[in-house]
Amino acid sequence: MSDATNRRTPVLATRDLQKSFGLTEALRGVDLAISPGEVVAVMGPSGSGKSTLLHCLAGVLTPDQGEVTFDGQVISALPERDRSRLRLKAFGFVFQFGQLLPDLSALDNVTIPLLLGGTKRAPALKQAAEWLDRFGLADKGDKLPTQLSGGEAQRVAVARALVTHPAVLFADEPTGSLDSLAGEQVLAAMLGEVREGGTTVILVTHDPRTAAYADREVIVRDGRLSPGYRGADQGADA
Ligand SMILES: Nc1ncnc2c1ncn2[C@@H]1O[C@H](COP(=O)(O)OP(=O)(O)OP(=O)(O)O)[C@@H](O)[C@H]1O
Ligand SMILES: [Mg+2]
């Protein structure tokens, strides 16, 4: 493929990424380069290493071998404190079960990352309310997570992940717990916002219809990127 986006300096890249848990080799040498603004679907069987790859890319896990670079800086060797600061500043996260804080309202959940980043309470509340509005949740701000539908709760989780304008959004089965209609609403809302904001997205999914929203798909099998994957970043057209 001679896709011009693949020629740009990657926002995230891995070189020979390896990670084991005891005797389990979860990643066995992954090379991947992701361009700014790309939406990449990560697919593959259960246990193949998708979440491990996502966690290594996001600096949650450190690899045993190889490295991860973000904006040209090797982040995989940084101490946890620096990786944690980077995650707060540059990355957003959404998981299968939104993991909203159960005792806080939808609005307060979206406010939290801003407060952690040092924004004052009044502007944080204002920005959080704007994000709820963008996700069609303007009238749900005072609801607790248990008072929301699954799809609404996931949209709150996406708003919370995007409120800080992260460079990269990591989404691990973000619609995995939803029926197809609610899942599509969450995805459509999420991708509308990331496309507008130029956010790069790593989207782990089992569902080919979800993956179809992405610019390209990579397939993880037994801890490696499957050789024939669509949009290979190097050597594919050599
Ligand atoms: N913290 C951990 N401790 C021990 N083994 C782990 C740990 N995390 C992952 N593994 C193992 O590493 C392998 C890859 O796991 P991973 O969670 O990356 O798979 P996955 O592709 O995300 O699967 P799923 O689709 O089921 O979420 C599996 O064999 C898993 O059991
Ligand atoms: Mg997983």
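Structure shown above.
Every value quoted in this text rests on a predicted model; they were computed, and no experiment measured them.

*Asks:* Can you explain the overall build of the protein chain? Please cite residues and give values.
*Replies:* The number of helices and strands found in the protein chain is 7 helices and 10 strands. With the principal axes as the frame, the protein chain shows a C-alpha extent of 55 × 40 × 40 Å. Counting the 238 residues in the protein chain, one finds 49% classified as buried. Here the analysis covers contacts within the protein chain between residues at least 6 apart in sequence; of these, 70% occur between residues at least 24 apart.

*Asks:* Give a description of the site of ligand 1 that names residues and reports values.
*Replies:* In the vicinity of ligand 1, the contacting residues are F21, T24, A26, P45, S46, G47, S48, G49, K50, S51, T52 and H206. Between ligand 1 and S46, the relevant distance is 2.5 Å, taken from an oxygen atom to a side-chain nitrogen or oxygen of the residue. The backbone of G49 places a nitrogen or oxygen atom 3.0 Å from an oxygen atom of ligand 1. Coverage of ligand 1 by the protein amounts to 57% of the 630 Å² it exposes when considered alone. Breaking the shell around ligand 1 down by element, the ones donating at least two residues are β2 (24–34) and α1 (50–57). Class assignment for the residues of the shell around ligand 1 results in 3 nonpolar, 8 polar and 1 charged.

*Asks:* Break down unusual backbone geometry for me, citing the residues and quoting the values.
*Replies:* It is generally the case that most residues other than glycine have a negative phi and that most peptide bonds are trans. In this structure, D16 takes a positive phi of about 50 degrees despite not being glycine. Structurally, the position occupied by D16 is in strand β1 (residues 12–21). For D16, a relative accessible area of 29% translates into the label partly exposed. With a phi angle near 50 degrees, E173 is a residue other than glycine that sits in the positive phi range. Mapped onto the fold, E173 is located in the loop between β7 (168–172) and α6 (180–197). E173 sits in the buried class, given a relative accessible area of 13%.

*Asks:* Account for the packing of helix α3 (residues 106–116) against helix α4 (residues 121–134), with residues named and values stated.
*Replies:* Contact geometry for α3 and α4: axes closest at 8 Å, N-to-C directions at 125 degrees. When the interaxial angle is binned, α3 and α4 end up oblique. The crossing of α3 and α4 is right-handed. Counting all contacts with α3, which are made through A106, L107, D108, V110, T111, L114 and L115, the residues of α4 involved are R121, A124, L125, Q127, A128, A129, W131 and L132. Taken together, the residues of the contact of α3 with α4 sort by class into 11 nonpolar, 2 polar and 2 charged.

*Asks:* Requested: an account of the sheet that holds β1, with residues and values cited.
*Replies:* Backbone-to-backbone hydrogen bonds pair the strands of a sheet. The strands run either parallel or antiparallel. Here we have 4 strands laid out as an open sheet, ordered β2-β1-β4-β5, and antiparallel in their pairing. A single partner strand is all that each edge strand has here, and the edge strands are β2 and β5 (73–74). As paired strands, β1 and β2 are joined by 8 bridges and run antiparallel to one another. Within β2, the position partnered with T14 by the bridge is L32.

*Asks:* Describe the pairing of β1, with residues and values.
*Replies:* Hairpin connection from β1 to β2: 2 residues lie between these consecutive antiparallel strands, with G22 at a positive phi of about 60 degrees. Pairing analysis gives 5 bridges linking β1 to strand β4 (residues 65–70), with the strands arranged antiparallel. Each residue of the ladder has a partner; that of R15, found in β4, is E67.

Parameters at a glance
Residues numbered from 1 in each chain as written. Chains lettered and ligands numbered in written order. Predicted model: local features only at pLDDT ≥ 70, side-chain atom pairs only at ≥ 80, totals over all residues. Heavy atoms only, no water. Helix = DSSP H or I, 4+ residues; strand = E, 2+ residues; numbered from the N terminus. Buried < 20%, exposed > 50% of the residue type's maximum accessible area, 1.4 Å probe, protein only. Contact = heavy atoms within 4.5 Å. Near = heavy atom within 4 Å. Polar contact = N/O pair within 3.5 Å; in protein donor to acceptor, adjacent residues only side chain to side chain. Areas by Shrake-Rupley, 256 points an atom, 1.4 Å probe, with all protein chains shown as cover. Nonpolar A, V, L, I, M, F, W, Y, C, P; charged D, E, K, R; others polar. Axes fitted to C-alpha atoms, helices over the stretch in contact; angles between N-to-C directions. Parallel < 35°, antiparallel > 145°, perpendicular 65-115°, else oblique. Left-handed = near helix turned anticlockwise from the far one by under 90°. Pairing = 2+ DSSP bridges.

Taken by themselves, the reported measurements are silent on function.
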